[in-house]
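Each chain is listed here by its residues.
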Amino acid sequence: MQQQIHKPRIIIMRHSERLDYALGNTSWPQDVFINGVYSPNVTQMPTFLPLRPDPHEYSLDTPLSRHGKAHAYHTGQFFRSLGLIPHRVYTSPAMRCVQTADSVLDGVGKRERVPLRLDLALFEPTKRPLPLQSAQFFASAGFFVDLNYQPVLSPT
């Protein structure tokens, strides 16, 4: 019996739809965090956001819109239909990127089997520092993260 050889493939993706772009408003956190409690008041807002020490940091490290999360999930379903099943996933520690990777894996059916490897080297630099979170933060928030992965760059 011959052993089947898999050709390595690399799929490079950008994140799905950002909430601030969907709302056309970068100051949305002040409208939805009341005394530190997230209360989404527009249908495009995600139903859940991980608690941050300063929830207003979400204006700089914006999450996905509800549509963006659904789109990423359907992208994963499409990958599965083509037989494109990821074995490793590397992502920027930006909230929207982690959410996109997580939702794509969910659509593929591998969310609990393929851990996310967060690496700041995959983040597009900006002029101002962003409040990016650690792998431990995302793991504590319920994302399946490889906490043993040694990134090229880590958020400080």
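Above this text is the structure in question.
Quick look at the structure, then. (Residues numbered from 1 in each chain as written. Predicted model: local features only at pLDDT ≥ 70, side-chain atom pairs only at ≥ 80, totals over all residues. Heavy atoms only, no water.)

**Here we look at the overall build of the protein chain**
Rules: By the criteria applied, helices consist of DSSP H or I runs no shorter than four residues and strands consist of E runs no shorter than two, each listed in order from the N terminus. Between two residues, a contact is recorded if the distance between any of their heavy atoms is within 4.5 Å. Residue-level accessible areas treat just the shown protein chains as cover; the underlying method is Shrake-Rupley with a 1.4 Å probe. Only four residue types enter the tally: Lys and Arg on the positive side, Asp and Glu on the negative side, with His and both chain ends excluded. By convention, the charge on Lys lies at NZ, on Arg at CZ, on Asp at CG and on Glu at CD.
From N to C terminus, the protein chain includes five helices and four strands. Sequence-distant contacts, at least 24 apart, represent 69% of the contacts inside the protein chain between residues at least 6 apart. Accessible surface computed for the protein chain: about 9,900 Å², of which carbon and sulfur atoms make up 53%. Of note, the protein chain has its 16 positive side-chain charges centred 9 Å away from the centre of its 12 negative side-chain charges.

**Details of the pattern of salt bridges**
The condition that has to hold: Salt bridge, as used here, is a side-chain nitrogen of Lys or Arg placed within 4 Å of a carboxyl oxygen of Asp or Glu. When a residue's accessible area, from a 1.4 Å probe over protein chains only, is under 20% of the maximum for its type it is buried; when over 50% it is exposed; and in between it is partly exposed.
Counting across every chain of the model gives seven salt bridges. Among the salt bridges present, the one from Arg-52 reaches Glu-57, with a minimum N-O distance of 3.4 Å. Classification of Arg-52 by relative accessible area gives buried; the value is 3%. On the basis of relative accessibility, which here comes to 21%, the residue Glu-57 falls in the partly exposed class.

**A word on unusual backbone geometry**
Located in the positive-phi region is Asn-35, a residue other than glycine, with phi close to 55 degrees. On the secondary structure map, Asn-35 appears in the loop between β1 (33–34) and β2 (37–38).

**Some details on the side chain of Asp-146**
Which entries qualify depends on this criterion: Under the rule applied, a polar contact is a pair of N or O atoms within 3.5 Å (in protein, one hydrogen donor and one hydrogen acceptor; residues adjacent in sequence only if both atoms are side-chain atoms).
Assignment of secondary structure puts Asp-146 in the segment after α5 (135–140). At 3.3 Å, the side chain of Asp-146 and the side chain of Arg-117 are in polar contact. Contact partners of Asp-146, with chain neighbours within four places excluded, come to Pro-115, Leu-116 and Arg-117.

**Looking at helix α3 (residues 66–81)**
Working note: α-helix, 3.6 residues per turn, so residues spaced by three or four point in the same direction. The line we're drawing: For a helix, the expected span equals 1.5 Å multiplied by the number of residues minus one. Throughout, the arc means that of the directions going from the helix axis to the C-beta atoms.
With 16 residues, α3 extends 23 Å between its outermost C-alpha atoms, agreeing within 8% with the 22 Å of an ideal straight helix rising 1.5 Å per residue. Here α3 has its buried residues at Gly-68, Ala-72, Thr-75, Gly-76 and Phe-79. Taken down its axis, α3 places every buried residue within 100 degrees of arc, on the same side. Its buried side turned inward, α3 meets α4 (95–108).

**Re the environment of Ser-39**
Mapped onto the secondary structure, Ser-39 falls in the loop between β2 and α3. Separated by 63 residues in the primary sequence, Ser-39 and Asp-102 have C-alpha atoms spaced 23 Å apart. In this structure, Ser-39 is in contact with Val-32 and Ile-34, ignoring residues within four places of it in sequence.

**Quick notes on α4**
Taking 1.5 Å per residue as the helical rise, α4 with its 14 residues ought to reach 20 Å, and the 20 Å between its terminal C-alpha atoms agrees with that figure. After α4 finishes, the residue Gly-109 shows a positive phi value of roughly 90 degrees.

**Here we look at the packing of aromatic side chains**
What counts is decided by this rule: Aromatic pairs are defined between Phe, Tyr and Trp rings, using the six-membered ring for Trp, whenever the two ring centres lie within 6.5 Å; interplanar angles under 30 degrees are classed as stacked, those over 60 as edge-to-face, and all others as tilted.
Tallied over the full model, the rule gives six aromatic pairs. Pairing Phe-33 with Tyr-38 gives two aromatic rings, centres 5.3 Å apart and planes at 40 degrees, and the pair type is tilted. The pair Phe-33 / Tyr-38 is uniform in exposure class, with both members buried. Ring geometry for Tyr-90 versus Tyr-149: centroids 5.6 Å apart, planes at 65 degrees, classification edge-to-face. A residue pair is termed long-range when its members are at least 10 positions apart, and Tyr-90 in strand β3 (residues 89–91) and Tyr-149 in the segment after α5 qualify at 59 residues. On the basis of relative accessible area, Tyr-90 is assigned to the partly exposed category, the value being 41%. A residue is classified by how much of its surface remains accessible, and Tyr-149, at 19% relative accessible area, is buried. Among the aromatic residues, those joined into a cluster by ring pairs are Trp-28, Phe-33, Tyr-38 and Tyr-58.

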